[in-house]
Amino acid sequence: MRSLFLIFFLLHSVLAVNFPWESIQLTETEVKANPSLSFGDTSLPIPIPSNTTTCKTNPGDASWPSPQTWAALNSTLSGALIQPLPPASACYPKWFDAAKCDYVKSNWANSSLHTFDPASIVSQWLEGNTCPLPDDVKSARSEDCTGSGFPAYVINATTVRDVQVAVNFARNNNIRLVIKNTGHSFLGQSTGSGSLSIWTRHLQGFTYLPSLTLGTYSGPAALGGAGMQNFEVQREMALHNITVVTPGGSTVGAFGGFIMGGGHSTYTSYYGLGSDQVLGMNVVLADGRFVSVGPGENEDLLWAIRGGGAGTWGIITSVITRVYPSTPITTLSLAFSTHPLRYTANPLSATSNATTLINMTMSRDTFWTGMAVYWRFSLQICQYGGIGWNFIRHEKPLTNSSEDGLFFHVSFSMPNLPPSAMNSLTAPFIDELKDLGINLPAPNAFQIPPRSANSPPARPGDGVSGTRFATRLFPRENFRDPKKLNETNDAIRKFIEAGYLFHGLNYAPSTSVAGISVPPYLPDNAVNPAFRKTVLHGEGFDVVPVTSLSSAQNLERYKRFRESFDGFVKVSEGAGAYMNEADVEEPNWQQAFYGSNYPRLLEIQRKKDPWNLFWTPKGVGSEGWEVKVSDGGGMPTQNGKLCRV
């Protein structure tokens, strides 16, 4: 019945569609009885209190709400207010819980531990590592777990009203507001010292809409709650025999920061980015108002939210997204190395330790000549709508050689391409490698069957890495032009030989693939223009976790890392970076993350949020504020007051 009800309203006004929990909203009557929850007026923004003219209010400040005020807020929220304890606190004497501590230690490297926690984030170092997992529980000291980098309070939002209350309370009390869905934030948007956090994880729901006409689009769609994680959407896909463009990680949110920052996936070259799929959405803005966004309604936000960065524009509660017929993936993996070795396909995953033997020997020059052959071939992978998921890294040889080995691995994913066609496509590439003396087995592609609705539930969880990294969206021209190809290959070689790891995704989410410049002529969006020209999202990783070094060591190591990575920037001038997976200290970030869209985005941000309530690191308009880290040794963490520059 609920699906029929939704479809009935979609025929009249798609943007009037809500989940039942979205109809529970803050009323003017409630606001009159409680002025601290009053709505904002963007034409007359509430002035910042005079005693905190430079910084957001923090615990300990005279203007910080009293315990009685927080208790009253909790009552207003029917008990949804949480004072979070970091997960690792269970391993410290003050909060010791043996069973919970054992669970935390066993699952620390699995993202599920952090995504299902109201305050924890995947990249712990970004909150300042203020409650680390102790190496030895017996010698752990409670004073080493201050939790100062985490939010002071969290609202477990289950209705639009919860979100509105949080937004209005934070704005009216000059408190820093952060938004956490799953905590897969590599810039630190999902945490903040002394903040009020809105946890959107439980804004759940999924409704398949077999037929929808909205603007220029006509076809199947779905309404998804902002809290849905990828593994949950995958189950819905199996149930309805459809494909939805979702993140690669099982615990990454499908309808939050993923779609707001671009969002790449297995289908990037075939269906476009996550941002390209969004037809409409429901959002709570900085003034606390709940609005619909779509064709003919708040079109400036429709453009900005789809690609203009997570956490800046409002809090999404639900999204209307395009869906597709169940789209099978054909896959094929290839690898070569300078020495015989055993390798793990994904070194970034702490949840997989399966190894494979590779037995070949070649010089480093031959290895890098083989890489140039691959880069040229990757253009065809993108042309056929596929992706090339690859790594170049150092590996210890099986022999007693004192020289470390170099290793390359790629896994191709090709939507709707039969295995025989995949084998034919890759055969000339393998032959060209063979001419170099790199002998690979004949291609043997296979198709991954769609997940069945009767399949056992997928266990969510992705690996957690605490290393620093930076990314670059290399343009097509870097691999089509022979001179630029050699320069790009040399830059990657120098980076690897400096001791680092390279992870790449070959894809091409052009405007034609996205359906923007060709039928159905969907509305344009704020996706970084560099995405439309790229054929390689290249990630450079340091290999030493931040938390294993002192602040001074980290600063020195990062300086060296960035100097090596800047070789990528020099061979791709004017390109950019994928903001959802990027360096929090990216130089010239306005250009790198937003490109030519930045001036228009900044104009919209200033209009919609004159309070700078939705401040995020490297978000649009963020340059007017900074986190005053008191004890971070110069590290760009969120453990400090948010103050005007």
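Structural notes, computed from the coordinates. Bear in mind that the values here come from a model prediction, so they are computed numbers and not experimental data.

Observations concerning the state of the cysteines
Thinking step 1. Evaluated as defined, the whole model comprises 3 disulfides.
Thinking step 2. Between Cys-55 and Cys-643 runs a disulfide, and the two sulfur atoms are separated by 1.9 Å. Linking Cys-55 and Cys-643, the disulfide has an S-S dihedral of approximately 100 degrees and is accordingly described as right-handed. Taken as a pair, Cys-55 in the loop between α2 (28–33) and α3 (67–76) and Cys-643 in strand β22 (residues 640–644) lie far apart in primary sequence, 588 residues in all.
Thinking step 3. Here Cys-55 falls in the buried class, since its relative accessible area comes to 14%.
Thinking step 4. Of the residues examined, Cys-643 reaches a relative accessible area of 3% and is grouped as buried.
Thinking step 5. A sulfur-sulfur distance of 2.0 Å marks the disulfide that ties Cys-131 to Cys-145. A torsion of -90 degrees about the S-S bond marks the disulfide between Cys-131 and Cys-145 as left-handed. In this pair, Cys-131 is assigned in the loop between α5 (111–115) and β2 (153–156) and Cys-145 in the loop between α5 and β2, connecting sequence segments 14 residues apart. Each member of the pair Cys-131 and Cys-145 is classed as buried.

Remarks on the pattern of salt bridges
Thinking step 1. One pass over the structure, following the stated rule, counts 23 salt bridges.
Thinking step 2. Of the charged contacts, one joins Lys-608 and Asp-300 as a salt bridge, the two residues approaching to 3.7 Å between their closest N and O atoms. Separated by 308 residues along the polypeptide, Lys-608 in helix α17 (residues 598–608) and Asp-300 in helix α10 (residues 299–305) bring together distant segments of the chain.
Thinking step 3. Under the relative-accessibility criterion, Lys-608 is labelled buried at 18%.
Thinking step 4. The shortest N-O distance in the salt bridge between Asp-365 and Arg-493 comes to 3.0 Å. Residue Asp-365 is found in helix α11 (residues 364–383), and its partner Arg-493 is found in helix α14 (residues 482–497); the two are separated by 128 residues along the sequence.

Quick word on the packing of α3 against helix α6 (residues 160–172)
Thinking step 1. At a minimum axis separation of 11 Å, α3 and α6 run at an interaxial angle of 160 degrees. Classified by the angle between their axes, α3 and α6 sit roughly antiparallel to one another. In this structure, α3 crosses over α6, and the sense of that crossing is right-handed. Packed against α3, whose contacting residues are Thr-69, Trp-70, Leu-73 and Thr-76, the element α6 presents Arg-161, Val-165 and Phe-169 at the interface.
Thinking step 2. A per-class count over the contact of α3 with α6 returns 4 nonpolar, 2 polar and 1 charged.

Some details on the sheet that holds strand β19 (residues 501–506)
Thinking step 1. With antiparallel pairing, the 7 strands of this open sheet are ordered in space as β17-β12-β16-β15-β19-β20-β18. Edge positions in the sheet fall to β17 (446–448) and β18 (469–475), since each has one partner strand and no second. If you compare each strand with its neighbour and ignore which way they point, the axes differ by 20 degrees on average.
Thinking step 2. When β18 meets strand β20 (residues 534–541), the two strands line up antiparallel, connected through 7 bridges. Opposite Leu-473, over in β20, you have His-537 as the bridge partner.
Thinking step 3. Sitting on the sheet, helix α12 (residues 419–435) touches β12 (329–337), β16 (405–415) and β17, and the angle it makes with β12 is about 15 degrees.

Digging into the sheet that holds β2
Thinking step 1. Read across the open sheet, the 4 strands follow the order β1-β2-β4-β3; overall the sheet is mixed. Of all strands in the sheet, those with a lone pairing partner are β1 (81–82) and β3 (177–180), marking the two edges.
Thinking step 2. Running over the sheet, α6 touches β2, β3 and β4 (196–199) and is turned about 165 degrees from β4.

With respect to the side chain of His-537
Thinking step 1. Relative to the helices and strands, His-537 is located in strand β20.
Thinking step 2. Look past the residues within four positions of His-537 in its chain and what remains in contact with it is His-264, Thr-471, Arg-472, Leu-473, His-503, Gly-504, Leu-505, Tyr-507, Tyr-578 and Glu-581.

As for unusual backbone geometry
Thinking step 1. For the peptide bond that leads from Pro-519 to Pro-520, omega is 10 degrees, which places it in the cis range.
Thinking step 2. Residue Asn-241 is not a glycine yet carries a positive backbone phi of 60 degrees.
Thinking step 3. Positionally, Asn-241 belongs in the loop between α7 (230–240) and β7 (242–243).
Thinking step 4. Of note in this structure, Asn-588 is not a glycine but carries a positive phi near 50 degrees.
Thinking step 5. Taking the relative accessible area as the measure of exposure, Asn-588 reaches 52% and is therefore exposed.

Some points on the environment of Arg-306
Thinking step 1. Along the chain, the position of Arg-306 falls in the loop between α10 and β10 (315–322).
Thinking step 2. Judged by its relative accessible area of 3%, Arg-306 falls in the buried class.
Thinking step 3. Through-space distance from the C-alpha of Arg-306 to that of Asp-524 is 9.0 Å; in sequence the pair is 218 residues apart.
Thinking step 4. Setting aside residues no more than four positions away along its own chain, Arg-306 makes contact with Ile-259, Met-260, Ser-275, Val-278, Met-281, Leu-301, Pro-523, Asp-524, Asn-525, Ala-526 and Val-527.
Thinking step 5. In this structure the side chain of Arg-306 is engaged in a polar contact, spanning 2.6 Å, whose partner is the backbone oxygen of Leu-302.

Quick notes on the rules
- Residues numbered from 1 in each chain as written.
- Predicted model: local features only at pLDDT ≥ 70, side-chain atom pairs only at ≥ 80, totals over all residues.
- Heavy atoms only, no water.
- Disulfide = S-S within 2.5 Å.
- Helix = DSSP H or I, 4+ residues; strand = E, 2+ residues; numbered from the N terminus.
- Buried < 20%, exposed > 50% of the residue type's maximum accessible area, 1.4 Å probe, protein only.
- Salt bridge = Lys/Arg side-chain N within 4 Å of Asp/Glu carboxyl O.
- Axes fitted to C-alpha atoms, helices over the stretch in contact; angles between N-to-C directions.
- Parallel < 35°, antiparallel > 145°, perpendicular 65-115°, else oblique.
- Left-handed = near helix turned anticlockwise from the far one by under 90°.
- Contact = heavy atoms within 4.5 Å.
- Nonpolar A, V, L, I, M, F, W, Y, C, P; charged D, E, K, R; others polar.
- Pairing = 2+ DSSP bridges.
- Polar contact = N/O pair within 3.5 Å; in protein donor to acceptor, adjacent residues only side chain to side chain.

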